[in-house]
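Commentary on secondary and tertiary structure
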Amino acid sequence: MILQILFGFVFFSLLGLAYVKGYDVVKAHSPEHLVHFYLIMAVVRMLLVGTAVAVYVLLIAKDRTDAIRFALIIIIMYAITMAVTLKLRH
């Protein structure tokens, strides 16, 4: 379980870093496109989270409870990331 949490932390840290750096670039060069950037990043983040969960569930999970635990950890981290993103940047 500690590896699942560590994976989630690293995964969402990288996504957050990409969002912050991308936000700064778009804001500096084309601030009128910030809404588009946010929507694109939200879709990319959702697709990456879904893909990570699907890969873990289909290829790595040892049993059903392991798959459910991983999915719940990632979904909770995703919700926290979305809340923090909305609070910090809007």
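Everything discussed here concerns the structure shown above.
Residues numbered from 1 in each chain as written. Predicted model: local features only at pLDDT ≥ 70, side-chain atom pairs only at ≥ 80, totals over all residues. Heavy atoms only, no water.

Details of the nonpolar core
- With 12 residues, the main nonpolar core is built from F11, F12, L15, V49, A52, V53, Y56, F70, A71, I73, I74 and M77.
- Of the residues forming this core, the biggest block, five residues, is contributed by helix 3 (residues 64–89).
- In terms of nonpolar packing, the next biggest core, distinct from the first, is built from eight residues, Y19, Y23, V26 and M41 among them. (Core = buried A, V, L, I, M, F, W, Y, C linked by side-chain atoms within 4.5 Å. Buried < 20%, exposed > 50% of the residue type's maximum accessible area, 1.4 Å probe, protein only. Helix = DSSP H or I, 4+ residues; strand = E, 2+ residues; numbered from the N terminus.)

Some details on the side chain of S30
- Tracing the backbone shows S30 in the loop between helix 1 (2–29) and helix 2 (34–60).
- At a separation of 3.0 Å, a polar atom in the side chain of S30 contacts the side chain of E32.
- A distance of 2.5 Å separates the side chain of S30 from the side chain of H33, its partner in a polar contact. (Polar contact = N/O pair within 3.5 Å; in protein donor to acceptor, adjacent residues only side chain to side chain.)

Things to note about the side chain of D66
- For D66, the location among the structural elements is in helix 3.
- With near-sequence residues (within four places) excluded, D66 lies in contact with Q4, Y56 and A61. (Contact = heavy atoms within 4.5 Å.)

Overview of a nonpolar patch on the surface
- Together, I2, L3, L6, F9, V10, L14 and L17 make up a nonpolar patch on the protein surface, roughly 780 Å² of accessible area in all.
- Looking at where V10 falls in the secondary structure, it is placed in helix 1. (Patch = residues over 30% accessible without salt bridge, like charges linked within 9 Å, V, L, I, M, F, W, Y side chains within 5 Å. Areas by Shrake-Rupley, 256 points an atom, 1.4 Å probe, with all protein chains shown as cover. Salt bridge = Lys/Arg side-chain N within 4 Å of Asp/Glu carboxyl O.)

Looking at the pattern of salt bridges
- This model, assessed by the stated rule, comprises one salt bridge.
- As a salt-bridge pair, R69 and D66 come within 3.7 Å of each other at their nearest N and O atoms. Placement of the pair is R69 and D66 together in helix 3, with a separation of three residues, close to one helical turn.
- Note on R69: relative accessible area 33%, which makes it partly exposed.
- On the basis of relative accessible area, D66 is assigned to the buried category, the value being 8%.

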